[in-house]
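Letter by letter, the chains look like this.
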Amino acid sequence: VTPTESAHPRVGAMTTTDRLLGQLRDRIRGAWDTGPLFVDPIIEPGLTDRQRSAVETATGEAATLGFPVFVALVPPIGYRYQDEWDAFTADLAYEMFDQTGADTTLVLFSEAESAARSKGYVVDENGPAVPPNSDQLQVSSTGDFLPVELAVPFHLTTLVAAAKGDPLPPLPDFDPVD
């Protein structure tokens, strides 16, 4: 793809969305070349120490369970761009699988805001798959949306369980009132 053509043949000339997703892809890949966690610089200052620690711990633990693991915390993506985002995340997940040469690779994208909308993939030679019951905007057992410090560990546990063929974990117990 050249700077003037779109990654999507149906589009023709490169759009602003294509250009921005290309820049985001380069930032994510640059970070993943050195470790399993990417935190977009736009949102990094807004993360609390607790959030950052929970995400780092969950990513580190998942990476020790026998699969290459990649996690990206990104700013919110508008619903209007959901189709492009879904294609972008699936393509990048498969690219990471292809690069690792592993039988299975786990890739998680999480939008860090008041509730973390996430997209997780178990990737193998058949391509990226989203595990069952892995809702993008995950709720707790009490029906509350999960913040990033709970969503990322939950989704990583779900991806590992799905990749191993184990039962999926129960929903976290979270009540924002507590």
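Residues numbered from 1 in each chain as written. Predicted model: local features only at pLDDT ≥ 70, side-chain atom pairs only at ≥ 80, totals over all residues. Heavy atoms only, no water.

Peer 1: Looking at this model, I keep getting lost on the confidence of the model for the protein. Mind explaining?
Peer 2: Caution applies to low-pLDDT regions: their predicted coordinates should not be interpreted in detail. Predicted confidence across the protein gives a mean pLDDT of 84, with 81% of residues reaching 70 or more. For residues 1–6, every residue scores under 50 in pLDDT, and the model assigns this stretch 14 contacts once sequence neighbours within four places are set aside. (pLDDT = per-residue confidence, 0-100. Contact = heavy atoms within 4.5 Å.)

Peer 1: Explain helix H4 (residues 148–164) here, please?
Peer 2: A turn of α-helix holds 3.6 residues, and therefore any two residues three or four places apart point the same way. Between its first and last C-alpha atoms H4 spans 24 Å; for 17 residues at 1.5 Å apiece the expected length is 24 Å, and the two agree. The secondary structure elements touched by the buried residues of H4 are helix H2 (49–62), strand S2 (69–74), strand S3 (105–111) and strand S4 (117–124). Just downstream of H4 lies Gly165, where phi reads positive at about 80°. (Helix = DSSP H or I, 4+ residues; strand = E, 2+ residues; numbered from the N terminus. Expected span 1.5 Å × (residues − 1).)

Peer 1: Would you mind going over the packing of aromatic side chains with me for this structure?
Peer 2: The way to describe two aromatic rings as a pair is by their centre distance and the angle between their planes. A complete count under the given rule lists 6 aromatic pairs for this structure. On the numbers, 5.9 Å between centres and 50° between planes, the contact of Trp32 with Phe109 is tilted. Pair noted here: Trp32 is in helix H1 (residues 16–32) and Phe109 is in strand S3, with a separation of 77 residues, a long-range link. Looking at Phe109, the relative accessible area reads 1%, which means it is buried. Note on Tyr94 and Phe97: the rings are 5.4 Å apart at their centroids and 45° apart in plane angle, and the pair reads as tilted. On the criterion of helical spacing, the pair formed by Tyr94 and Phe97 is a turn pair, its members being 3 residues apart in helix H3 (residues 82–100). (Phe/Tyr/Trp six-rings, centres within 6.5 Å; stacked < 30°, edge-to-face > 60°. Buried < 20%, exposed > 50% of the residue type's maximum accessible area, 1.4 Å probe, protein only.)

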